[in-house]
Amino acid sequence: MKKQDENNNSSSVSFLDVIACAFGAIVLLLLILPIEKLGELADSNPTNVDYGQLVLNSQVLDAEIEALTQEVEENQVLLNRLGSTATDEKARSSRYSNALATTTEELNRLRARTQSTEQALQTMTNRKVVSVTPKEYVGIPVDSEYVIFVIDTSGSMKNIWPKVTNEVNSVLSLYPEMKGFQVINDEGIYLYRTERKRWLPDSPQARSRAQTRLTNWKARSNSSPAKGIKTALNDLYDPRKKIALFLVGDDFSSQEDLDEYILDIERTVAAANVEEGSLRIHAIGFENHLSGVWSPMRFSILMRELSQRHDGAFLALPMYEGSVVTKRQIAQKASTSTP
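The rules behind each value
- Residues numbered from 1 in each chain as written.
- Predicted model: local features only at pLDDT ≥ 70, side-chain atom pairs only at ≥ 80, totals over all residues.
- Heavy atoms only, no water.
- Helix = DSSP H or I, 4+ residues; strand = E, 2+ residues; numbered from the N terminus.
- Buried < 20%, exposed > 50% of the residue type's maximum accessible area, 1.4 Å probe, protein only.
- Areas by Shrake-Rupley, 256 points an atom, 1.4 Å probe, with all protein chains shown as cover.
- Axes fitted to C-alpha atoms, helices over the stretch in contact; angles between N-to-C directions.
- Parallel < 35°, antiparallel > 145°, perpendicular 65-115°, else oblique.
- Left-handed = near helix turned anticlockwise from the far one by under 90°.
- Contact = heavy atoms within 4.5 Å.
- Nonpolar A, V, L, I, M, F, W, Y, C, P; charged D, E, K, R; others polar.
- Salt bridge = Lys/Arg side-chain N within 4 Å of Asp/Glu carboxyl O.
- Core = buried A, V, L, I, M, F, W, Y, C linked by side-chain atoms within 4.5 Å.
- Pairing = 2+ DSSP bridges.
- Right-handed = clockwise from strand over helix to strand, strands pointing away.

1. Considerations on the overall build of the chain
Inference 1: Scanning the chain for helices and strands turns up eleven helices and eight strands.
Inference 2: Across the 339 residues of the chain, 36% fall into the buried class.
Inference 3: A total accessible area of about 20900 Å² is found for the chain, and carbon and sulfur atoms account for 54% of it.

2. So, unusual backbone geometry
Inference 1: With phi around 60°, Ser223 is a residue other than glycine that occupies positive phi space.
Inference 2: Looking at the element boundaries, Ser223 is found in the loop between helix 7 (204-215) and helix 8 (226-236).
Inference 3: Residue Ser223 is classed as buried on the basis of its relative accessible area, which comes to 4%.
Inference 4: Positive phi outside glycine occurs at Asn273, with the angle close to 55°.
Inference 5: For Asn273, the location among the structural elements is in the loop between helix 9 (258-271) and strand 7 (279-286).
Inference 6: Classification of Asn273 as exposed rests on a relative accessible area of 57%.

3. Topic: the packing of helix 6 (residues 161-173) against helix 7
The geometry of a pair of packed helices is captured by two quantities: the angle between their axes and the separation between those axes.
Inference 1: With their axes 10 Å apart at the nearest point, helix 6 and helix 7 run at an angle of 160° to one another. If you check the angle between helix 6 and helix 7, you find them roughly antiparallel. Judged by the twist between their axes, the crossing of helix 6 over helix 7 is right-handed. From helix 6, Trp161, Thr165, Asn166, Val168, Asn169, Leu172 and Ser173 reach across to helix 7, where they touch Arg207, Gln211, Leu214 and Thr215.
Inference 2: Broken down by class, the residue content of the contact of helix 6 with helix 7 amounts to four nonpolar, six polar and one charged.

4. As for the pattern of salt bridges
Inference 1: What the rule picks out here adds up to nine salt bridges.
Inference 2: A salt bridge links Arg267 to Asp264, with the shortest nitrogen-to-oxygen separation between them at 3.9 Å. Of this pair, Arg267 and Asp264 both sit in helix 9, three residues apart, which is roughly one turn of that helix.
Inference 3: According to the relative accessible area criterion, Asp264 is partly exposed, its value standing at 33%.

5. Re the environment of Ala210
Inference 1: Its location among the elements puts Ala210 in helix 7.
Inference 2: Sequence separation between Ala210 and Gln182 is 28 residues; the distance between their C-alpha atoms is 9.1 Å.
Inference 3: Look past the residues within four positions of Ala210 in its chain and what remains in contact with it is Phe181, Leu191 and Tyr192.

6. Description of the nonpolar core
Inference 1: Membership of the largest hydrophobic core comes to 32 residues, with the highest contact counts inside it found for Phe149, Ile151, Tyr175 and Phe246.
Inference 2: Of all the elements in the fold, those that place two or more residues in this core are strand 3 (146-151), helix 6, strand 4 (180-185), helix 7, strand 6 (243-249) and strand 7.
Inference 3: It is helix 6 that provides the largest number of residues to this core, a total of five residues.
Inference 4: Not counting residues within four places of it along the chain, the set of residues in contact with Phe149 comprises Val168, Val171, Leu172, Gln182, Val183, Ile184, Phe246 and Val248.

7. A short note on the pairing of strand 7
Inference 1: With seven of eight residues buried, strand 7 lies mostly within the body of the structure.
Inference 2: Bridge count between strand 6 and strand 7: seven bridges; the pairing is parallel. Along strand 7, the bridge assignment pairs Ile243 with Leu279.
Inference 3: For the crossover that starts at strand 6, traverses helix 9 and ends in the parallel strand 7, the hand is right-handed.
Inference 4: Pairing geometry for strand 7 and strand 8 (residues 314-317), over four bridges, is parallel. Bridge pairing in strand 8 places Ile284 opposite Leu315.

So this is what it looks like as C-alpha coordinates:
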(Lines give C-alpha, C1' and ligand atoms only; values in the text may rest on other atoms or scores of the structure.)
Protein backbone atom coordinates (compact mmCIF):
# COMPACT_ATOMS: atom_id res chain seq x y z
CA MET A 1 0.00 0.00 0.00
CA LYS A 2 2.83 2.34 0.79
CA LYS A 3 4.52 1.50 -2.49
CA GLN A 4 1.37 2.38 -4.39
CA ASP A 5 1.19 5.77 -2.66
CA GLU A 6 4.77 6.49 -3.59
CA ASN A 7 4.05 5.70 -7.22
CA ASN A 8 1.08 7.99 -7.20
CA ASN A 9 3.12 10.79 -5.64
CA SER A 10 5.86 10.28 -8.22
CA SER A 11 3.34 10.60 -11.01
CA SER A 12 1.92 13.82 -9.56
CA VAL A 13 5.32 15.40 -9.21
CA SER A 14 6.16 14.58 -12.82
CA PHE A 15 2.97 16.22 -14.04
CA LEU A 16 3.77 19.38 -12.09
CA ASP A 17 7.25 19.35 -13.57
CA VAL A 18 5.76 19.28 -17.07
CA ILE A 19 3.42 22.18 -16.31
CA ALA A 20 6.25 24.20 -14.80
CA CYS A 21 8.45 23.57 -17.82
CA ALA A 22 5.68 24.64 -20.15
CA PHE A 23 5.16 27.93 -18.31
CA GLY A 24 8.90 28.42 -18.21
CA ALA A 25 9.11 27.97 -21.97
CA ILE A 26 6.37 30.55 -22.55
CA VAL A 27 8.10 33.07 -20.29
CA LEU A 28 11.40 32.41 -22.05
CA LEU A 29 9.81 33.05 -25.43
CA LEU A 30 8.37 36.32 -24.22
CA LEU A 31 11.77 37.39 -22.93
CA ILE A 32 13.59 36.45 -26.12
CA LEU A 33 11.08 37.74 -28.67
CA PRO A 34 11.77 41.47 -29.37
CA ILE A 35 8.91 43.78 -28.51
CA GLU A 36 9.36 45.61 -31.81
CA LYS A 37 8.38 42.45 -33.68
CA LEU A 38 5.12 42.30 -31.79
CA GLY A 39 4.46 45.89 -32.77
CA GLU A 40 5.11 45.10 -36.41
CA LEU A 41 2.73 42.16 -36.26
CA ALA A 42 0.03 44.27 -34.65
CA ASP A 43 0.39 47.01 -37.23
CA SER A 44 2.52 46.61 -40.32
CA ASN A 45 2.22 50.32 -41.12
CA PRO A 46 5.65 51.83 -40.28
CA THR A 47 4.15 55.30 -39.90
CA ASN A 48 1.96 54.19 -37.00
CA VAL A 49 4.86 52.37 -35.35
CA ASP A 50 7.05 55.49 -35.66
CA TYR A 51 4.31 57.69 -34.23
CA GLY A 52 3.92 55.38 -31.23
CA GLN A 53 7.64 55.66 -30.60
CA LEU A 54 7.44 59.43 -30.97
CA VAL A 55 4.69 59.63 -28.38
CA LEU A 56 6.72 57.51 -25.98
CA ASN A 57 9.84 59.61 -26.54
CA SER A 58 7.85 62.78 -26.04
CA GLN A 59 6.45 61.55 -22.74
CA VAL A 60 9.93 60.61 -21.54
CA LEU A 61 11.27 64.01 -22.54
CA ASP A 62 8.40 65.79 -20.82
CA ALA A 63 9.10 63.93 -17.59
CA GLU A 64 12.81 64.63 -17.90
CA ILE A 65 12.27 68.34 -18.45
CA GLU A 66 9.98 68.51 -15.44
CA ALA A 67 12.58 66.81 -13.26
CA LEU A 68 15.38 68.99 -14.60
CA THR A 69 13.38 72.16 -14.08
CA GLN A 70 12.77 71.25 -10.47
CA GLU A 71 16.46 70.44 -10.02
CA VAL A 72 17.47 73.74 -11.60
CA GLU A 73 15.14 75.63 -9.27
CA GLU A 74 16.59 73.84 -6.25
CA ASN A 75 20.13 74.59 -7.38
CA GLN A 76 19.21 78.20 -8.04
CA VAL A 77 17.93 78.50 -4.48
CA LEU A 78 21.19 77.02 -3.23
CA LEU A 79 23.14 79.32 -5.50
CA ASN A 80 21.32 82.37 -4.20
CA ARG A 81 21.79 81.26 -0.63
CA LEU A 82 25.50 80.70 -1.15
CA GLY A 83 25.79 83.97 -2.99
CA SER A 84 24.11 85.88 -0.18
CA THR A 85 26.29 84.26 2.47
CA ALA A 86 29.34 85.18 0.44
CA THR A 87 29.00 88.68 1.82
CA ASP A 88 29.29 87.29 5.31
CA GLU A 89 32.74 87.06 6.79
CA LYS A 90 32.41 83.32 7.41
CA ALA A 91 31.52 82.70 3.74
CA ARG A 92 34.89 84.02 2.68
CA SER A 93 36.50 80.71 3.55
CA SER A 94 37.68 78.47 0.75
CA ARG A 95 35.04 75.89 1.66
CA TYR A 96 32.20 78.25 0.83
CA SER A 97 33.97 79.54 -2.24
CA ASN A 98 34.45 76.01 -3.58
CA ALA A 99 30.84 75.13 -2.83
CA LEU A 100 29.67 78.20 -4.68
CA ALA A 101 31.83 77.39 -7.71
CA THR A 102 30.64 73.78 -7.72
CA THR A 103 27.00 74.79 -7.53
CA THR A 104 27.42 77.33 -10.30
CA GLU A 105 29.11 74.78 -12.53
CA GLU A 106 26.40 72.20 -11.87
CA LEU A 107 23.71 74.77 -12.52
CA ASN A 108 25.24 75.68 -15.87
CA ARG A 109 25.40 72.02 -16.83
CA LEU A 110 21.77 71.57 -15.87
CA ARG A 111 20.74 74.60 -17.87
CA ALA A 112 22.61 73.35 -20.92
CA ARG A 113 21.05 69.92 -20.55
CA THR A 114 17.57 71.42 -20.14
CA GLN A 115 18.03 73.53 -23.27
CA SER A 116 19.17 70.48 -25.24
CA THR A 117 16.21 68.48 -23.97
CA GLU A 118 13.76 71.23 -24.88
CA GLN A 119 15.20 71.41 -28.38
CA ALA A 120 14.86 67.65 -28.73
CA LEU A 121 11.28 67.85 -27.52
CA GLN A 122 10.47 70.62 -30.01
CA THR A 123 11.93 68.53 -32.81
CA MET A 124 9.89 65.56 -31.62
CA THR A 125 6.74 67.68 -31.44
CA ASN A 126 7.25 68.89 -35.00
CA ARG A 127 7.63 65.30 -36.17
CA LYS A 128 4.45 64.38 -34.32
CA VAL A 129 2.53 67.18 -36.03
CA VAL A 130 3.63 65.90 -39.43
CA SER A 131 2.84 62.31 -38.48
CA VAL A 132 -0.72 62.97 -37.34
CA THR A 133 -1.82 65.34 -40.13
CA PRO A 134 -5.45 64.32 -40.54
CA LYS A 135 -6.50 62.65 -43.80
CA GLU A 136 -10.16 63.07 -43.05
CA TYR A 137 -12.36 65.84 -41.78
CA VAL A 138 -15.57 64.87 -40.00
CA GLY A 139 -15.55 61.58 -41.84
CA ILE A 140 -14.91 63.05 -45.29
CA PRO A 141 -11.72 61.76 -47.01
CA VAL A 142 -9.69 64.61 -48.47
CA ASP A 143 -7.40 62.69 -50.80
CA SER A 144 -8.78 64.06 -54.09
CA GLU A 145 -6.90 66.41 -56.42
CA TYR A 146 -9.95 67.98 -58.08
CA VAL A 147 -13.18 69.12 -56.43
CA ILE A 148 -16.61 69.77 -57.95
CA PHE A 149 -19.48 71.39 -56.06
CA VAL A 150 -23.03 70.68 -57.23
CA ILE A 151 -25.04 73.18 -55.20
CA ASP A 152 -28.78 73.50 -54.73
CA THR A 153 -29.58 77.17 -55.48
CA SER A 154 -33.29 77.00 -54.69
CA GLY A 155 -35.17 79.61 -52.67
CA SER A 156 -34.83 77.76 -49.38
CA MET A 157 -31.07 77.57 -49.83
CA LYS A 158 -30.92 81.27 -50.61
CA ASN A 159 -32.44 81.89 -47.17
CA ILE A 160 -29.32 80.41 -45.60
CA TRP A 161 -26.89 81.38 -48.34
CA PRO A 162 -24.21 82.92 -46.07
CA LYS A 163 -23.94 79.63 -44.22
CA VAL A 164 -23.76 77.73 -47.52
CA THR A 165 -20.94 79.86 -48.89
CA ASN A 166 -19.04 79.58 -45.61
CA GLU A 167 -19.26 75.79 -45.70
CA VAL A 168 -18.08 75.68 -49.32
CA ASN A 169 -15.09 77.80 -48.35
CA SER A 170 -14.41 75.51 -45.38
CA VAL A 171 -14.41 72.44 -47.61
CA LEU A 172 -11.99 74.11 -50.03
CA SER A 173 -9.64 74.81 -47.12
CA LEU A 174 -9.36 71.06 -46.56
CA TYR A 175 -7.55 70.71 -49.90
CA PRO A 176 -4.35 72.80 -49.64
CA GLU A 177 -2.78 70.97 -52.59
CA MET A 178 -5.82 70.83 -54.85
CA LYS A 179 -5.09 71.15 -58.58
CA GLY A 180 -8.45 72.41 -59.77
CA PHE A 181 -12.08 72.96 -58.84
CA GLN A 182 -15.45 73.85 -60.34
CA VAL A 183 -18.86 75.01 -59.10
CA ILE A 184 -22.16 73.99 -60.73
CA ASN A 185 -25.73 74.19 -59.49
CA ASP A 186 -28.10 71.22 -59.51
CA GLU A 187 -29.54 72.38 -62.87
CA GLY A 188 -26.09 72.06 -64.45
CA ILE A 189 -25.45 75.84 -64.59
CA TYR A 190 -21.82 76.85 -64.03
CA LEU A 191 -20.77 79.54 -61.58
CA TYR A 192 -18.53 80.80 -64.41
CA ARG A 193 -20.49 80.35 -67.62
CA THR A 194 -17.38 81.16 -69.68
CA GLU A 195 -15.44 78.37 -67.93
CA ARG A 196 -17.72 75.49 -68.84
CA LYS A 197 -16.22 72.02 -69.31
CA ARG A 198 -12.84 72.95 -67.86
CA TRP A 199 -11.26 73.18 -64.45
CA LEU A 200 -10.57 76.40 -62.60
CA PRO A 201 -6.84 76.29 -61.73
CA ASP A 202 -6.42 76.44 -57.99
CA SER A 203 -4.77 79.42 -56.30
CA PRO A 204 -5.58 81.68 -53.33
CA GLN A 205 -6.72 84.36 -55.77
CA ALA A 206 -8.96 81.92 -57.68
CA ARG A 207 -10.56 80.74 -54.45
CA SER A 208 -11.17 84.31 -53.30
CA ARG A 209 -12.76 85.30 -56.63
CA ALA A 210 -14.95 82.20 -56.63
CA GLN A 211 -16.08 82.91 -53.06
CA THR A 212 -17.05 86.46 -54.02
CA ARG A 213 -18.88 85.31 -57.13
CA LEU A 214 -20.64 82.55 -55.19
CA THR A 215 -21.86 85.07 -52.62
CA ASN A 216 -23.68 87.00 -55.35
CA TRP A 217 -24.79 84.03 -57.46
CA LYS A 218 -28.35 84.57 -58.71
CA ALA A 219 -28.93 81.12 -60.27
CA ARG A 220 -32.12 79.28 -59.34
CA SER A 221 -32.90 75.56 -59.28
CA ASN A 222 -35.47 72.99 -58.18
CA SER A 223 -33.60 70.91 -55.55
CA SER A 224 -32.96 67.89 -57.72
CA PRO A 225 -29.25 67.08 -58.21
CA ALA A 226 -29.40 64.48 -61.02
CA LYS A 227 -28.88 67.01 -63.83
CA GLY A 228 -26.01 68.70 -62.04
CA ILE A 229 -24.29 65.35 -61.46
CA LYS A 230 -24.74 64.43 -65.13
CA THR A 231 -23.26 67.76 -66.25
CA ALA A 232 -20.30 67.40 -63.90
CA LEU A 233 -19.44 63.88 -65.02
CA ASN A 234 -20.00 64.46 -68.74
CA ASP A 235 -17.99 67.71 -68.80
CA LEU A 236 -15.22 67.13 -66.26
CA TYR A 237 -14.71 63.48 -65.38
CA ASP A 238 -11.30 62.06 -66.26
CA PRO A 239 -10.25 58.60 -64.99
CA ARG A 240 -6.66 59.86 -64.67
CA LYS A 241 -7.74 62.39 -62.05
CA LYS A 242 -8.85 61.80 -58.46
CA ILE A 243 -12.11 63.72 -58.21
CA ALA A 244 -14.38 64.56 -55.29
CA LEU A 245 -17.94 65.64 -56.08
CA PHE A 246 -19.75 67.46 -53.27
CA LEU A 247 -23.55 67.58 -53.37
CA VAL A 248 -24.71 70.57 -51.32
CA GLY A 249 -28.37 71.09 -50.48
CA ASP A 250 -31.24 71.02 -48.01
CA ASP A 251 -34.11 69.38 -49.86
CA PHE A 252 -35.23 66.98 -52.58
CA SER A 253 -38.28 68.20 -54.45
CA SER A 254 -38.70 65.46 -57.07
CA GLN A 255 -41.68 63.16 -56.60
CA GLU A 256 -39.92 60.39 -58.54
CA ASP A 257 -39.40 57.07 -56.81
CA LEU A 258 -36.07 57.20 -54.97
CA ASP A 259 -34.92 53.84 -56.28
CA GLU A 260 -35.58 54.89 -59.86
CA TYR A 261 -33.93 58.25 -59.27
CA ILE A 262 -30.78 56.59 -57.88
CA LEU A 263 -30.69 54.11 -60.77
CA ASP A 264 -30.85 57.02 -63.21
CA ILE A 265 -27.81 58.60 -61.54
CA GLU A 266 -26.02 55.25 -61.60
CA ARG A 267 -26.66 55.02 -65.34
CA THR A 268 -25.02 58.44 -65.68
CA VAL A 269 -22.00 57.19 -63.73
CA ALA A 270 -21.81 54.07 -65.90
CA ALA A 271 -22.10 56.11 -69.11
CA ALA A 272 -19.16 58.25 -68.00
CA ASN A 273 -17.07 55.05 -67.60
CA VAL A 274 -16.14 55.99 -64.04
CA GLU A 275 -13.29 53.81 -62.84
CA GLU A 276 -13.05 52.50 -59.30
CA GLY A 277 -11.10 54.78 -56.96
CA SER A 278 -11.23 57.82 -59.27
CA LEU A 279 -14.43 59.41 -57.95
CA ARG A 280 -15.85 60.12 -54.52
CA ILE A 281 -19.34 61.52 -54.05
CA HIS A 282 -19.82 63.40 -50.78
CA ALA A 283 -22.88 65.24 -49.55
CA ILE A 284 -23.43 68.20 -47.23
CA GLY A 285 -26.98 68.63 -45.99
CA PHE A 286 -28.34 71.79 -44.35
CA GLU A 287 -31.24 71.69 -41.93
CA ASN A 288 -33.60 74.49 -42.90
CA HIS A 289 -37.02 76.04 -42.27
CA LEU A 290 -39.41 73.10 -42.48
CA SER A 291 -42.08 75.32 -44.05
CA GLY A 292 -39.77 76.10 -46.96
CA VAL A 293 -38.66 72.63 -48.02
CA TRP A 294 -40.42 69.66 -49.59
CA SER A 295 -38.86 66.56 -48.13
CA PRO A 296 -35.65 66.79 -46.11
CA MET A 297 -36.05 63.14 -45.13
CA ARG A 298 -35.97 61.95 -48.77
CA PHE A 299 -33.02 64.28 -49.35
CA SER A 300 -31.12 62.67 -46.49
CA ILE A 301 -31.88 59.16 -47.76
CA LEU A 302 -30.73 60.10 -51.26
CA MET A 303 -27.51 61.75 -50.08
CA ARG A 304 -26.65 58.87 -47.78
CA GLU A 305 -27.20 56.30 -50.52
CA LEU A 306 -25.17 58.15 -53.16
CA SER A 307 -22.25 58.84 -50.83
CA GLN A 308 -22.23 55.25 -49.62
CA ARG A 309 -22.20 53.88 -53.16
CA HIS A 310 -19.29 56.06 -54.22
CA ASP A 311 -16.79 55.95 -51.33
CA GLY A 312 -17.95 59.23 -49.84
CA ALA A 313 -19.53 60.61 -46.69
CA PHE A 314 -22.72 62.45 -45.87
CA LEU A 315 -22.36 65.37 -43.45
CA ALA A 316 -25.65 66.68 -41.98
CA LEU A 317 -25.27 70.18 -40.54
CA PRO A 318 -27.45 71.57 -37.72
CA MET A 319 -30.24 74.13 -38.04
CA TYR A 320 -29.19 77.52 -39.35
CA GLU A 321 -28.93 79.90 -36.39
CA GLY A 322 -31.36 82.41 -37.86
CA SER A 323 -34.18 79.95 -38.46
CA VAL A 324 -37.22 79.49 -36.22
CA VAL A 325 -39.22 76.27 -36.40
CA THR A 326 -42.41 75.97 -34.35
CA LYS A 327 -44.09 72.78 -33.24
CA ARG A 328 -47.02 73.64 -35.50
CA GLN A 329 -44.72 73.87 -38.54
CA ILE A 330 -43.14 70.53 -37.68
CA ALA A 331 -46.56 68.89 -37.27
CA GLN A 332 -47.86 70.38 -40.52
CA LYS A 333 -44.80 69.30 -42.46
CA ALA A 334 -44.88 65.79 -40.98
CA SER A 335 -48.52 65.38 -42.03
CA THR A 336 -47.95 66.50 -45.62
CA SER A 337 -44.53 64.97 -46.39
CA THR A 338 -44.32 61.77 -48.39
CA PRO A 339 -42.22 59.16 -46.55
